Amino acid sequence: MTESVKKPSASISNVGAWAMNIVSSVGIIMANKQLMSNNGYVFSFASTLTGFHFAVTALVGIVSNATGYSASKHVPMWELLWFSMVANMSITGMNFSLMLNSVGFYQISKLSMIPVVCVMEWILHNKHYSREVKFSVVVVVIGVGVCTVTDVKVNLKGFTCAAIAVLSTSLQQISIGSLQKKYSVGSFELLSKTAPIQALFLLILGPVVDYYLSGKLITNYKMSYGAFLCILLSCSLAVFCNVSQYLCIGRFSAVSFQVLGHMKTVCVLTLGWLLFDSELTVKNIMGMAIAVIGMIIYSWAVEAEKKSNEKTSHHAKNSLTEEEIRLLTAGIDKIPLKDVEVGEHQED
């Protein structure tokens, strides 16, 4: 009875974590589009904005710990510094990749994260995947590729930045899960520890990176009331986005987060068409349909693999119990150990 109650509640919380991540991620993209586009408030300082995101997230973590809502567990500072450097390298690398590459190659580099995460988990954690899971990953990659990839132009600087971005992002997402397990910390606890370090790095280096990317200084930007509200909305959504990312990877895996996370791409394309008059072609619709089918196959494959592992474990447990019963029935446990040793010695 207890297990049957736990399973639905766990399923509901899992769905809630995914829903929070999708809604907050799509929301933040829409808010940033309004904030940064030429038709919006032309705030072209992406790295600094990310620094604001982590600063607000850090503030929420501090308030949460001070009020006793969350407890702070010990994680070595060198681990936090290493993780924060990798995470910030991911953000900066993505910004440079978008600047130096065509949109098509940028999308391809993002798609490559799924196989890269799979290979990294295999190397670092000796994790293996079933044939069905591999097939579903290929279907998702093809679907998202069809609906997002347009022109593909490659240059050496852009390729290097894309490679750094993909490797650091993949490593960051794998590290979230491993750090949570290693130090028995919750998703929000880990985030509240890393967010201040990330915010500090990004608020110091962000304006320099943004100046290199856009040729504009943030100190020269004329802040309007509308832009301020957009930044505030973006930061608020970032808190939910960051928390839900840690929740999802902590509950599932980096691969699941990447695969099902492409649902956000489908939502962004659809909302862009509805809200911003973006073009939605037959190619986009076909790609989205293939991607959704791939996600459904992936969910089914992971669930089937989980049930198969549980069945194998249960069968092994039952076999052990039967063996114990057989030994007890034979009365072997009633024979004194010394008698057995003597008997064996006499036979020899």
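Details of the structure are given in the entry above.
Residues numbered from 1 in each chain as written. Predicted model: local features only at pLDDT ≥ 70, side-chain atom pairs only at ≥ 80, totals over all residues. Heavy atoms only, no water.

Asker: Give me the side chain of Asn 242: which residues, what numbers.
Answerer: Within the element layout of this structure, Asn 242 appears in helix α9 (residues 225–251). Taking relative accessible area as the criterion, Asn 242 reaches 10% and is therefore assigned buried. Within polar-contact distance, the side chain of Asn 242 engages the side chain of Thr 57 at 3.3 Å. (Helix = DSSP H or I, 4+ residues; strand = E, 2+ residues; numbered from the N terminus. Buried < 20%, exposed > 50% of the residue type's maximum accessible area, 1.4 Å probe, protein only. Polar contact = N/O pair within 3.5 Å; in protein donor to acceptor, adjacent residues only side chain to side chain.)

Asker: Would you mind going over the pattern of salt bridges in detail, with residue names and values included?
Answerer: Inspection of every chain in the model, using the stated rule, returns 1 salt bridge. With a shortest N-O distance of 2.8 Å, Lys 182 and Glu 79 are connected by a salt bridge. Separated by 103 residues along the polypeptide, Lys 182 in helix α7 (residues 156–183) and Glu 79 in helix α3 (residues 77–100) bring together distant segments of the chain. With a relative accessible area of 6%, Glu 79 lands in the buried category. (Salt bridge = Lys/Arg side-chain N within 4 Å of Asp/Glu carboxyl O.)

Asker: Hey, could you go over helix α5 (residues 113–125) for me, with residue numbers and the actual values?
Answerer: A rise of 1.5 Å per residue sets the reference length of α5, with its 13 residues, at 18 Å; its end C-alpha atoms lie 17 Å apart and thus fit the reference within 8%. Taken together, the buried positions of α5 are occupied by Met 113, Ile 114, Val 117, Cys 118, Met 120 and Glu 121. One or two positions beyond α5, positive phi appears at Asn 126, with a value near 55°. (Expected span 1.5 Å × (residues − 1).)

Asker: Residue-level account of a nonpolar patch on the surface, with values.
Answerer: A contiguous nonpolar patch, built from Met 77, Leu 81, Met 85, Leu 200, Phe 201, Ile 204 and Leu 205 and spanning about 690 Å² of accessible area, is present on the exposed surface. Of all the secondary-structure elements, those providing two or more residues to the nonpolar patch are α3 and α8 (187–214). Sorting elements by how many residues they give to the nonpolar patch places α8 first, with 4 residues. Tracing the sequence through the fold places Leu 205 in helix α8. (Patch = residues over 30% accessible without salt bridge, like charges linked within 9 Å, V, L, I, M, F, W, Y side chains within 5 Å. Areas by Shrake-Rupley, 256 points an atom, 1.4 Å probe, with all protein chains shown as cover.)

Asker: Can you tell me about the packing of α3 against α7, naming the residues and giving the values?
Answerer: Their axes nearest at 7 Å, the elements α3 and α7 cross at an angle of 150°. It follows from the interaxial angle that α3 and α7 lie roughly antiparallel. The way α3 lies across α7 gives a crossing that is left-handed. Class assignment for the residues of the contact of α3 with α7 results in 16 nonpolar, 8 polar and 3 charged. (Axes fitted to C-alpha atoms, helices over the stretch in contact; angles between N-to-C directions. Parallel < 35°, antiparallel > 145°, perpendicular 65-115°, else oblique. Left-handed = near helix turned anticlockwise from the far one by under 90°. Nonpolar A, V, L, I, M, F, W, Y, C, P; charged D, E, K, R; others polar.)

Asker: Provide a residue-level description of unusual backbone geometry, including the pertinent values.
Answerer: Of note in this structure, Val 42 is not a glycine but carries a positive phi near 50°. With relative accessibility at 31%, the residue Val 42 sits in the partly exposed group. In the Ramachandran plot, Ser 184 falls in the positive-phi region, its phi being about 50° despite a non-glycine side chain. Along the polypeptide, Ser 184 turns up in the loop between α7 and α8. Among the residues examined, Ser 184 registers a relative accessible area of 48% and is labelled partly exposed.

Asker: Quick one: what's the story with the nonpolar core, residue by residue and with numbers?
Answerer: Core analysis: the largest hydrophobic core is formed by 14 residues, its most contacted members being Leu 80, Phe 83, Ile 176, Leu 190, Val 243 and Tyr 246. Looking at this core, the elements with two or more residues in it are α3, α7, α8 and α9. Those residues in contact with Leu 80, other than ones at most four positions away along the chain, are Val 75, Leu 190, Lys 193, Thr 194 and Ile 197. (Core = buried A, V, L, I, M, F, W, Y, C linked by side-chain atoms within 4.5 Å. Contact = heavy atoms within 4.5 Å.)

Asker: Residues and numbers for α8, please.
Answerer: Because each turn of an α-helix spans 3.6 residues, side chains separated by three or four positions end up pointing in the same direction. Helix length check: α8, at 28 residues, gives a terminal C-alpha distance of 34 Å against a target of 40 Å (1.5 Å per residue), a shortfall beyond 12%. Bending of α8 peaks at approximately 45° at the position of Leu 205, with proline Pro 207 no more than four residues after it. Of the residues trailing α8, Gly 215 is marked for its positive phi of about 75°. (Bend = angle between axes of the 7 residues up to and from the residue.)

Asker: How would you sum up the packing of α5 against α7? Please name residues and give values.
Answerer: Viewed as axis vectors pointing N to C, α5 and α7 meet at an angle of 50°, and their least axial separation amounts to 9 Å. If you check the angle between α5 and α7, you find them oblique. In the packing of α5 onto α7, the handedness of the crossing is right-handed. Between α5, through Met 113, Val 116, Val 117, Met 120, Glu 121, Leu 124 and His 125, and α7, the contact on the second element is made entirely by Val 166, Leu 167, Thr 169, Ser 170, Leu 171, Ile 174 and Ser 178. Considering only residue class, the contact of α5 with α7 consists of 9 nonpolar, 4 polar and 1 charged.

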